[in-house]
Amino acid sequence: MGRYIVKRIIYMLLTLFIITTITFFLMHSIPGDPLAHMAKNLPEQVKANYYKKYGLDQPVIVQYGKFLKNVFTEGNLGESLRYPGRSVTETVLNNSKVSGRVGVQAISLGIVIGITLGIIAALFRNKWPDYLVMFIAILGVTVPSFIIASLLQYTFTVKFQLLPTTGWGDMKHTILPTIALAFSPIATYARYMRSNVLEVINQDYILTAQAKGVGTFSLITKHILRNAILPVITILGPQIAGIFTGSFVIERIFGIPGLGSYYITSINDRDYTMIIGTTVFYAAIFVVAQLVTDILYGIVDPRIRVSNDNE
Amino acid sequence: MEAIPKDKFRRVEIDSKEAEKMARPQISYWQDAWRRLKTNKVAILSLIILSLIIIMSIIGPIISGYEYEEVDPKSLNQPPSSEHWFGTDELGRDLFSRVWQAGRVSIIIGITGALISAIVGTIYGGIAAYFGGKVDNIMMRIVEILYSIPYLLVVILVSIVTDSKSLGSMLIALTLTGWCGTARMVRGQMLQIKSQEYIMAAETLGVKPSKIIIRHLIPNVLNVLIVSISFSIPNYIFSESFLSFIGLGIQPPNTSWGALASAAQQKFIFYPYQLFFPGLMIALTMLSFTLLGDGLRDALDPRLRE
């Protein structure tokens, strides 16, 4: 197991390094002047000073070396090109707190409701609760989150005026975005959990337990759930990635000052340092989430551990 | 007790001439798959809905009588009526034409994207599986790293760089790492088939490697490939609508379902019907492809062959 984790961490660092490099060179290969928006009408000397300030007068490879050094020694991702004086690292951290709150709420809601629905569907297989859950699951997978978000916004803020349309501050501002974001995790977990429970129910040890006279309740909680819930961990990684990309759209619709809406703004502004910084941050979270998922799965499922140790 | 009729006690003659006769007509794998798919009502319904959507995308802009980019200042933001079947948008453009024109773009992106990633993935995975050893190891490590980069981040970055306003550059952005999943799957499948006895038997009988690849490896990968294509088409449509939604996709006057939804979302509170039709089309298409994929998976599974 130890070797496996070390191997995974090395891979993770390598991946992160490659993503950082690709992002950096991609952003610097864009034709045009990154300072065009403010340096257009300035005197030559001022222009040159601006370029010097951002290190843009040096060759790309030198800029890359500096960038790496700053990132790895002080965690400094540079300064916004659009808004001089605004630190990328600080902005990313501040905005990610907002996104993180909505994201964590959505993932928790998704896991709890999704798993519950999945269990209900499996236990009432081919009866109406099963069909209802599968209907919700199909909606959650096929209807894009921006449509769900718009519908929620329309229903609860325009029709019934229960919640604020947009904005950020109180708990009540987070309710609709959380539900909108949680829709797709709910659907995925419900589908996944349903098939897991159905698989476990047909195992011989469930029959054995029944034959030994285990009651229905403890059969479900102790024998079925414990075995069915473990593989759910594997989809946690992709789910976290899904929450990110969902948040780009949801935050824009609900006017939440989170990292997602900030990322979109910097893309539309062509604020290159900001794009690089945010991308690296997203990639880091994503890669770490994947690593944690893999390690957890290795701990939970002995078969994975064994096959990796034998390699 | 029921009486057994006398003629049940007749002797059954064994005719040696009949021994070689086939009881049922021989059907090929694809005929059998189609026969099984036909019995799956959900899959056939999805197929019908998809055909309707595709046909409407082809003829829809023509039958409405309006050009999709035709601006009409006299009828802005009209609700659906007998004149404009899906209503009009904020520039007075007929939404019926626009929804089907958008369908062309979205469906082309979905199908081409899925085909490109299937072809690239098959070639890549096939090479890795065929050569094995070090080549396989290096190729798969590369895929593993590409695969762990968040997909939409790559798409966003590449569309910023290529300034993706056209279909072509958008397809490049969408498929750049999209083939990795297919490559992994094809490699796994090929390795599994390569180690089976009938391949060994073919080799010992002296069948040429090229013939083994064409006769045995490719047809056996084809079934999983078709299923994966039908699952990845909705993913591409979804990614495209997402890109268009955040303003990196198709630019006006051309449009896609995502771009239409994005434009409609901003005034959803006042004109909900403008979001309804593109949203319905995205959902229907995604749902149909997903359900068709489920059906195909069951129909093409050789283990379920009757």
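Calculation notes
Residues numbered from 1 in each chain as written. Chains lettered and ligands numbered in written order. Predicted model: local features only at pLDDT ≥ 70, side-chain atom pairs only at ≥ 80, totals over all residues. Heavy atoms only, no water. Helix = DSSP H or I, 4+ residues; strand = E, 2+ residues; numbered from the N terminus. Buried < 20%, exposed > 50% of the residue type's maximum accessible area, 1.4 Å probe, protein only. Contact = heavy atoms within 4.5 Å. Areas by Shrake-Rupley, 256 points an atom, 1.4 Å probe, with all protein chains shown as cover. Lys, Arg positive; Asp, Glu negative; His and termini not counted. Charge placed at Lys NZ, Arg CZ, Asp CG, Glu CD. Axes fitted to C-alpha atoms, helices over the stretch in contact; angles between N-to-C directions. Parallel < 35°, antiparallel > 145°, perpendicular 65-115°, else oblique. Left-handed = near helix turned anticlockwise from the far one by under 90°. Nonpolar A, V, L, I, M, F, W, Y, C, P; charged D, E, K, R; others polar. 1 Å grid on protein atoms, 1.4 Å probe; cavity = no way out; pocket = protein on both sides within 12 Å on 5 of 7 lines; lining within 4 Å. Points joined across faces, edges and corners; volume = space filled by probe spheres on them. Salt bridge = Lys/Arg side-chain N within 4 Å of Asp/Glu carboxyl O. Buried area = accessible area lost by both parts, 1.4 Å probe. Polar contact = N/O pair within 3.5 Å; in protein donor to acceptor, adjacent residues only side chain to side chain. Domains from an automatic or database assignment. Arc of directions from axis to C-beta. Phe/Tyr/Trp six-rings, centres within 6.5 Å; stacked < 30°, edge-to-face > 60°.

> Just checking my understanding: could you explain the overall build of chain A for this structure?
A count of helices and strands for chain A gives 14 helices and zero strands. Listing each helix as α and each strand as β along chain A from the N terminus yields α-α-α-α-α-α-α-α-α-α-α-α-α-α. Counting only C-alpha atoms, chain A reaches 85 × 60 × 30 Å along its principal axes. By residue count, 45% of the 311 residues in chain A fall in the buried class. The long-range share in chain A, meaning contacts at least 24 apart out of those at least 6 apart in sequence, stands at 73%. Per element, the accessible surface of chain A, about 15,600 Å² overall, is 65% carbon and sulfur. Side-chain charges in chain A split into 26 positive and 17 negative, and the spacing between the mean points of these groups amounts to 6 Å.

> Quick question: what am I supposed to make of the environment of Leu-217 of chain B here?
Counting through the fold element by element, Leu-217 of chain B comes out in helix 9 (residues 209-245). Beyond its immediate chain neighbours, meaning those up to four positions away, Leu-217 of chain B contacts Met-190, Ile-193, Lys-194, Ile-199 and Ile-212 of chain B.

> Would you take a moment to explain the packing of helix 1 (residues 29-39) of chain B against helix 11 (residues 272-300) of chain B for this structure?
All names here are of chain B. Taken N-terminus to C-terminus, the directions of helix 1 and helix 11 make an angle of 135°; their axes are 8 Å apart at the nearest point. Taken together, the axes of helix 1 and helix 11 lie oblique to each other. Between helix 1 and helix 11 lies a crossing of right-handed hand. Side by side, helix 1 and helix 11 meet where Tyr-29, Trp-30, Ala-33, Arg-36 and Leu-37 of the first sit next to Gly-295, Leu-296, Asp-298, Ala-299 and Leu-300 of the second. In terms of residue class, the contact of helix 1 with helix 11 is built from seven nonpolar, one polar and two charged.

> Would you mind going over empty space enclosed by the protein with me for this structure?
All names here are of chain A. Inspection of every chain in the model, using the stated rule, returns two cavities of 30 Å³ or more. For the second largest cavity, the calculated volume is near 30 Å³. For the lining of the second largest cavity, the secondary structure elements donating two or more residues are helix 5 (88-123), helix 8 (171-201) and helix 11 (236-254). Looking at side-chain class alone, the lining of the second largest cavity contains five nonpolar, three polar and one charged residues.

> Would you mind showing me how to read the layout of surface pockets here?
Where empty space is left becomes clear once a probe the size of a water molecule has been rolled over the atoms. Residue and element names in this part refer to chain A. A volume near 650 Å³ is recorded for the second largest pocket. Around the second largest pocket sit 26 residues that line it, and Tyr-54, Gly-55, Leu-56, Gln-63 and Thr-273 are the ones nearest its centre. Among the secondary structure elements, those contributing two or more residues to the lining of the second largest pocket are helix 1 (2-28), helix 3 (44-53), helix 4 (60-74) and helix 13 (272-300). Broken down by element, the residue count for the lining of the second largest pocket peaks at five residues, all from helix 4. For the lining of the second largest pocket, the per-class residue count stands at twelve nonpolar, ten polar and four charged.

> Just checking my understanding: could you explain the pattern of salt bridges for this structure?
Pairing between side chains of opposite charge can happen when the charged atoms of each approach one another. Summed over all chains, the structure comprises three salt bridges over all chains. Across the pair Asp-130 of chain A and Arg-194 of chain A runs a salt bridge whose closest N-O atoms are separated by 2.8 Å. Residue Asp-130 of chain A is located in helix 6 (residues 128-142), and its partner Arg-194 of chain A is located in helix 8; the two are separated by 64 residues in the primary sequence. Judged by its relative accessible area of 1%, Asp-130 of chain A falls in the buried class. Look at Arg-194 of chain A and you get buried, because its relative accessible area is 17%. For Arg-297 of chain B, the salt bridge identified is with Asp-294 of chain B, shortest N-O distance 2.8 Å. Of the two residues, Arg-297 of chain B and Asp-294 of chain B are both situated in helix 11; the distance of three residues between them amounts to about one turn of the helix. A residue is classified by how much of its surface remains accessible, and Arg-297 of chain B, at 43% relative accessible area, is partly exposed.

> I keep staring at the interface of chain B and chain A and nothing clicks. Help me out?
Put simply, an interface is often sized by how much accessible area is lost when its parts join up. At the interface, 37 residues of chain B touch 42 residues of chain A. Taken together, both faces of the contact between chain B and chain A bury some 3,400 Å²; the carbon and sulfur share is 77%. Linking chain B with chain A are one residue pair in polar contact (both at pLDDT 80 or more), by the criterion used here. Of all the secondary-structure elements, those providing two or more residues to the side of chain B that touches chain A are helix 4 (133-147), helix 5 (151-162), helix 9, helix 10 (257-265) and helix 11 of chain B.

> Help me out: how do you make sense of the environment of Leu-115 of chain B in this one?
Inspection of the secondary structure assignment puts Leu-115 of chain B in helix 3 (residues 95-131). Sequence separation between Leu-115 of chain B and Ile-226 of chain B is 111 residues; the distance between their C-alpha atoms is 9.7 Å.

> Hey, could you run me through the domain arrangement of chain A in this one?
The domain boundaries assigned to chain A delineate domain 1 (2-74) and domain 2 (93-270). Placing the centre of domain 1 of chain A and that of domain 2 of chain A at their C-alpha centroids yields a distance of 36 Å.

> How should helix 1 of chain B be read in this particular structure?
In an α-helix there are 3.6 residues to a turn, and that puts residues three or four apart on one side. Residue and element names in this part refer to chain B. Every buried residue of helix 1 is accounted for by Tyr-29, Asp-32, Ala-33, Arg-36 and Leu-37. Seen from one end, helix 1 has its buried residues packed into an arc of 135°, which puts them on one side. At its buried positions, helix 1 is contacted by helix 2 (41-63), helix 9 and helix 11.

> Explain the packing of aromatic side chains here, please?
In this description, a pair of aromatic rings is defined by centroid distance and the angle of the planes. Residue and element names in this part refer to chain A. Evaluation of the coordinates by the stated rule reveals nine aromatic pairs over all chains. Arranged with centres 5.4 Å apart and planes meeting at 65°, the rings of Phe-248 and Tyr-282 form a pair that is edge-to-face. Taken together, the residues span a long stretch of sequence, with Phe-248 in helix 11 and Tyr-282 in helix 13 at a distance of 34 residues. With respect to class, Phe-248 is no different from Tyr-282; both count as buried. Ring centres 5.5 Å apart and planes at 70° place the aromatic pair Tyr-263 and Tyr-282 in the edge-to-face group. Highlighted residues: Tyr-263 in helix 12 (residues 259-269) and Tyr-282 in helix 13, separated in sequence by 19 residues. Judged by relative accessible area, Tyr-263 falls into the buried class, the value being 0%. Since its relative accessible area comes to 4%, Tyr-282 is described here as buried.

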